[in-house]
Amino acid sequence: MSDTPFGFGLPPEEPENGDDGKRKGDQGGQGGPANPFGFPGMGMPGGPGGADNPFASMFGSMNPNDLGAAFQQLGQMLSYEGGPVNWDMAKDIARQTVAQGTADGVKDTSVGIAEKSAVEEAVRLADLWLDDVTSLPSGATTAVAWSRAEWVEATLPVWKELVDPVAERVGAAMGSVLPEEMQAMAGPLLGMMRSMGGAMFGQQIGQAVGVLAGEVVGSTDIGLPLGPSGKAALLPLNIESFGKDLGVPSDEVRLYLALREAAHARLFAHVPWLRSHLFGAVEGYARGIKVDTSKLEDVVGQLDPSNPEQLQEALQGGMFQPQDTPEQKAALARLETALALVEGWVDAVVHAAAKPRLTSADAMRETMRRRRASGGPAEQTFATLIGLELRPRRLRDASRLWASLTDARGVDGRDGLWEHPDMLPTASDLDDPDGFVHREQLDFSEIDKMLGEAARKRDDEDGEEKK
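All figures in this text were calculated on a predicted structure; none of them were measured in a lab.

Undergrad: Can you help me understand the packing of aromatic side chains in this one?
TA: Any two aromatic rings considered together are summarised by their centre-to-centre distance and by the angle between their planes. According to the stated counting rule, one finds 3 aromatic pairs in the structure shown. A connected cluster of aromatic rings, assembled from ring pairs, spans Trp273, Trp345, Trp402 and Trp418. Directly above the aromatic system of Phe279 lies the positively charged group of Arg275, at a separation of 4.3 Å from the ring centroid.

Undergrad: Where do I start with the nonpolar core in this structure?
TA: Nonpolar side chains tend toward joint burial in soluble globular proteins. Counting residues in each nonpolar core, the largest one holds 94 residues, and the members touching the most others are Trp151, Trp159 and Trp418. Broken down by element, this core gets its largest block of residues, 14 residues, from helix α13 (residues 326-354).

Undergrad: Which parts of the structure should I look at to understand the environment of Thr155?
TA: If you trace the backbone, Thr155 turns up in helix α5 (residues 148-174). Assessed through its relative accessible area of 0%, Thr155 is described here as buried. Thr155 sits 73 residues away from Pro228 along the chain, and the two C-alpha atoms are 7.9 Å apart.

Undergrad: Honestly, the environment of Val342 in this entry has me stumped. Any pointers?
TA: Note that Val342 resides in helix α13. On a C-alpha basis, the gap between Val342 and Ala263 in space is 9.9 Å, while along the polypeptide they are 79 residues apart. Not counting residues up to four positions away in its chain, the partners in contact with Val342 are Gly223, His264, Leu267, Phe268, Leu274, Leu278 and Trp418.

Undergrad: I keep staring at the environment of Asp362 and nothing clicks. Help me out?
TA: Tracing the chain through its elements places Asp362 in helix α14 (residues 361-373). Expressed as a C-alpha distance, the spacing of Asp362 and His351, which sit 11 residues apart in the sequence, is 7.8 Å. Residues in contact with Asp362, not counting those within four places in the same chain, are His351 and Lys355.

Undergrad: How should the packing of helix α9 (residues 250-270) against α13 be read in this particular structure?
TA: Relative orientation of the contacting elements α9 and α13 amounts to 130°, with a least axis distance of 9 Å. As summarised for this structure, α9 and α13 are arranged oblique, according to the angle between their axes. Considering only the axes of α9 and α13, their crossing is right-handed. Residues Tyr256, Leu259, Arg260, Ala263, His264, Leu267 and Phe268 of α9 form the contact with α13, whose own contacting residues are Val342, Glu343, Trp345, Val346, Val349, Val350, Ala353 and Ala354. Across the contact of α9 with α13, the residue classes break down as 12 nonpolar, 1 polar and 2 charged.

Undergrad: I'm lost on helix α8 (residues 236-243) in this one. Help?
TA: Along an α-helix, a turn takes 3.6 residues, which lines up residues three or four apart on a common side. For α8, the buried fraction is high: 6 of the 8 residues fall into the buried class. Those residues of α8 that fall on the buried side of the exposure criterion are Pro236, Leu237, Asn238, Ile239, Phe242 and Gly243.

Undergrad: What's the story with helix α10 (residues 274-287) in this structure? I'm lost.
TA: For α10, built from 14 residues, the straight-helix expectation of 20 Å at 1.5 Å per residue is met to within 8% by its first-to-last C-alpha distance of 20 Å. By the burial criterion, the buried members of α10 are Leu274, Leu278, Phe279, Ala281, Val282, Gly284, Tyr285 and Ala286.

Undergrad: For this particular structure, what's the right way to read the confidence of the model for the protein?
TA: The predicted coordinates ought not to be read in detail in places where the model reports low pLDDT. When pLDDT is averaged along the protein, the result is 75; 59% of the residues meet or exceed 70. Within the model, the stretch residues 1-61 combines pLDDT values under 50 with 135 contacts to residues more than four positions away or in other chains.

Undergrad: What's the story with the pattern of salt bridges in this structure? I'm lost.
TA: A pair can form between side chains of opposite charge whenever their charged atoms are brought close. Per the counting criterion, the structure on display carries 19 salt bridges. With its nearest N and O atoms 2.8 Å apart, the salt bridge here joins Arg394 to Asp397. Of this pair, Arg394 and Asp397 are both found in helix α16 (residues 392-415), 3 residues apart, which corresponds to roughly one turn of the helix. The class for Asp397 is buried, based on a relative accessible area of 8%. Shared partners join several salt bridges into a network, and the residues in it are Arg394, Asp397, Arg400 and Asp431.

Conventions adopted
- Residues numbered from 1 in each chain as written.
- Predicted model: local features only at pLDDT ≥ 70, side-chain atom pairs only at ≥ 80, totals over all residues.
- Heavy atoms only, no water.
- Phe/Tyr/Trp six-rings, centres within 6.5 Å; stacked < 30°, edge-to-face > 60°.
- Lys NZ or Arg CZ within 6 Å of the ring centre and 35° of its normal.
- Core = buried A, V, L, I, M, F, W, Y, C linked by side-chain atoms within 4.5 Å.
- Buried < 20%, exposed > 50% of the residue type's maximum accessible area, 1.4 Å probe, protein only.
- Helix = DSSP H or I, 4+ residues; strand = E, 2+ residues; numbered from the N terminus.
- Contact = heavy atoms within 4.5 Å.
- Axes fitted to C-alpha atoms, helices over the stretch in contact; angles between N-to-C directions.
- Parallel < 35°, antiparallel > 145°, perpendicular 65-115°, else oblique.
- Left-handed = near helix turned anticlockwise from the far one by under 90°.
- Nonpolar A, V, L, I, M, F, W, Y, C, P; charged D, E, K, R; others polar.
- Expected span 1.5 Å × (residues − 1).
- pLDDT = per-residue confidence, 0-100.
- Salt bridge = Lys/Arg side-chain N within 4 Å of Asp/Glu carboxyl O.

Have a look at this one:
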């Protein structure tokens, strides 16, 4: 679990052009990592008032002309009445985080015509190569090149679907910490808590998505389909940063990453149950999260409206965690296994396509695996948002299992397992891949045929009885 799952962090000032990172004129403050609402000096060590007094910091360093805008922003935060996450705030903070640039000083830029053409050509060639190593047809109807800001805009709808179940758990707890007879009397206070909770979720999610936008190279880096269906998307700026120190020609780096993106697209386009299976596993995991309402009760009893950091500190103190129950462990295993099977299949088919054609295939494969093992975007983002850390060992195990299946059953036999979720390997199968590979598998087509024949026979018998 992240140490600060709902901690405030400062996005930079909103740039006039989100793609080139140019800032607006000076407004009397500096951006930094500790202020979610753009208030100059708020929570900044060494700033006026210091981190212990956010309002003194905010007002002590503020130009009088900006005071009205500050109160307006604060009012918008407290008047939020939407769902469990303030997604408007999340979007704004993600865009602002992107505009700030990455830690190495690289700013977001608009995608040029040449870069778009290079991405389109790489995806087209990748799809041709994948035709030789998988029975699943192409799943990318279009190839797009995104800036970091465009990635944020395109993926936020899916983040909403992923995160809302977790936020609902916390939001429900905020409304139940007082006895029922007191809730009507404390309506304004509870409303403020819900608004602040939505803002805190929005701030944390926006910051996480904004940081992730500076790292990802496509729309499927975390093993889930974050982008629109049918689009294979790559981020040229991040691909350039990713390949800078690899010693591999840039066109090979782009092509290898295009193979991964196109392979994901095939899987999600032609395995119709897969998306709901993965998202259902995330939701099942979220349902097992237990909220520590005792901490909320303490905060409610001592909450000072002039000190919103109290609620933030309670949230930072580990207010919710997964339950250690058989059901929660099963949900976690189901989610980890499903994600590992997706990533393992992609790793196996991409290597099969790249190995005969790219001299850098082995190096690129190991680079991607080490990226996972060192805590890459997938692990960090899931740990921040829902307390889930993917286990890289499962990804390697899954890749070996899919490769063994290819050797034993061929491409069609391997890919045929995606026809039904009950045909897929389980977590225990990843521990014993040889046992799964050589085990006799159920033929669901035969079962469907038998069920169909039985239904027709029953209909015929019913018809005879009516005569």
